[in-house]
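Analysis of the macromolecular model
Residue strings, one per chain:
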Amino acid sequence: MPTYQHDNIVPDSNSNATKKKQVSGMFDDIAIKYDFMNRFLSLGIDKYWRRKAMRAFDGRRIEVLLDVATGTGDVALVAAKKLHPKQVKGIDISEGMLKVGREKVAAANLEDTIELIAADSEAIPFADNSFDGATVAFGVRNFENLEKGLREIARVLKPGGRLVILEFSRPKSIIVAPLYKFYMNVVTPFFGNLFAKNKTAYSYLTKSAEAFPERENFTEVLKRCGFSSPSYEPLTFGICCLYTAIK
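Reading guide: rules and limits
- Residues numbered from 1 in each chain as written.
- Predicted model: local features only at pLDDT ≥ 70, side-chain atom pairs only at ≥ 80, totals over all residues.
- Heavy atoms only, no water.
- Helix = DSSP H or I, 4+ residues; strand = E, 2+ residues; numbered from the N terminus.
- Rg over C-alpha atoms; globule rule 2.2 N^0.38 Å.
- Buried < 20%, exposed > 50% of the residue type's maximum accessible area, 1.4 Å probe, protein only.
- Patch = residues over 30% accessible without salt bridge, like charges linked within 9 Å, V, L, I, M, F, W, Y side chains within 5 Å.
- Areas by Shrake-Rupley, 256 points an atom, 1.4 Å probe, with all protein chains shown as cover.
- Salt bridge = Lys/Arg side-chain N within 4 Å of Asp/Glu carboxyl O.
- Core = buried A, V, L, I, M, F, W, Y, C linked by side-chain atoms within 4.5 Å.
- Contact = heavy atoms within 4.5 Å.
- Lys, Arg positive; Asp, Glu negative; His and termini not counted.
- Charge placed at Lys NZ, Arg CZ, Asp CG, Glu CD.
- Axes fitted to C-alpha atoms, helices over the stretch in contact; angles between N-to-C directions.
- Parallel < 35°, antiparallel > 145°, perpendicular 65-115°, else oblique.
- Nonpolar A, V, L, I, M, F, W, Y, C, P; charged D, E, K, R; others polar.
- Pairing = 2+ DSSP bridges.
- Phe/Tyr/Trp six-rings, centres within 6.5 Å; stacked < 30°, edge-to-face > 60°.

Across its full length, the protein holds 8 helices and 7 strands. The C-alpha atoms of the protein give 17 Å as radius of gyration, which agrees with the globular expectation for 247 residues (18 Å, within 12%). Overall, the protein is about 40 × 40 × 35 Å in size when its C-alpha atoms are taken along their principal axes. With 247 residues in all, the protein has 55% of them scored as buried.

Here you go:
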């Protein structure tokens, strides 16, 4: 199974720990500040991206949804309200993030609908053909092995099930691109250190996003992993892309 440049990007290059362990520990460390940092650094645009992702299901009836790399459960919560599934299963390797997410699920009185589970995206603990749809928001670049994670999602999706992915991308505009680069390389790590006390985490965000095989390259990866009709839509000047594909 091939590896990609971003598979080898880790939060701490001086550590001997695997990417998976480093990423898990990193998110445990910033979990309490994670939602605030998302809203602050994206100027609230991340909420629009998640709503847009829900519309990408094109009115399909989603009875059971899998949210991979669910983090603090933002996508799971939006999905429960917008798609009205019977069940949402969110998985993540960071217990710190899941703890925050479970508190949010309880506050929204959605414990009967949403279950957040500690699990690895590369070894999803569900049977083949279990889900009508799957989502990943800003998590695929954190997979230790991109194709292994995507093939696992394909395995648990029902035939015809839709995968919807949000991931950072690099703007193509000659005006926006340098501004984006400055923001990601200078502003984001600065405020990550100021508010979350973790400059490393937000530097890793930039490095992993820069190395990710985006746009047409990523749709080709999706094809190799068992998906058909992959497509992408750049959002907000191309700083994020919305990908869709069918099992």
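Before going further, it helps to spend a moment on a nonpolar patch on the surface. A cluster of nonpolar side chains, namely I174, I175 and L179, defines an oily patch on the protein surface of about 390 Å² accessible area. Exposure remark for L179: the relative accessible area of 57% places this residue in the exposed category.

Glancing now at the nonpolar core. Counting residues in each nonpolar core, the largest one holds 48 residues, and the members touching the most others are W49, M54, I114 and L166. No other element matches the 8 residues that helix α1 (residues 19-42) contributes to this core. Leave out the neighbours within four places in its chain, and M54 touches V75, V78, A79, K82, L83 and T135. Grouped together as the second largest cluster of nonpolar side chains are 31 residues, I117, F126, F218 and C241 included.

The next thing to look at is a positive patch on the surface. Taken together, the side chains of K47, R51, R55 and K82 present a region of like positive charge at the surface. Ranked by residues supplied to the positive patch, first place goes to helix α2 (residues 45-55) with 3 residues. With respect to the helices, strands and loops of the structure, R55 is situated in helix α2.

Another point: the environment of V23. You can see V23 is positioned in helix α1. Once residues lying within four places of it in the same chain are set aside, the contact partners of V23 are P11, I93, N142 and Y204.

Our next topic: α2. Since one α-helical turn is 3.6 residues long, residues separated by three or four positions face the same way. Within the span of α2, buried status applies to D46, W49, R50, K52, A53 and M54. Residues of α2 that are buried sit in contact with α1, α3 (74-82), β4 (131-137), β5 (157-168), β6 (228-235) and β7 (240-246).

Of note, F237 is situated in the loop between β6 and β7. The exposure class of F237 is exposed, given its relative accessible area of 67%. Along the chain, F237 and D12 lie 225 residues apart, while their C-alpha atoms are 30 Å from each other. Beyond its immediate sequence surroundings of up to four residues, F237 is in contact with P171 and V176.

Here α1 crosses helix α7 (residues 199-211) at 90 degrees, and the two axes come no closer than 9 Å. Comparing their axes, α7 and α1 come out roughly perpendicular. Together, K19, V23, M26, I30, M37 and L41 of α1 and A201, Y202 and Y204 of α7 make up the contact between the two elements. In terms of residue class, the contact of α1 with α7 is made up of 8 nonpolar, no polar and 1 charged.

Taking strand neighbours across the sheet as the criterion, the 7 strands line up as β3-β2-β1-β4-β5-β7-β6 in an open arrangement whose pairing is mixed. The open sheet has two edge strands, β3 (114-118) and β6, and neither has a second partner. Shown here is a sheet whose adjacent strand axes are inclined to one another by a mean of 15 degrees, direction ignored.

As a further point, take the packing of aromatic side chains. Under the definition given, this model contains 9 aromatic pairs. Ring geometry for F36 against F40: centres 5.7 Å apart, planes inclined by 25 degrees, an arrangement best described as stacked. With a gap of 4 residues between them, F36 and F40 both fall in helix α1, about one helical turn apart. Between the aromatic rings of W49 and F168, the centroid separation amounts to 6.4 Å while the plane-to-plane angle is 85 degrees, which identifies the pairing as edge-to-face. Within this pair, whereas W49 is found in helix α2, its partner F168 is found in strand β5, the two being separated by 119 residues in sequence. Each of the two residues, W49 as well as F168, counts as buried. An aromatic cluster of three or more residues is present, and its members are F212, F218, Y232 and Y243.

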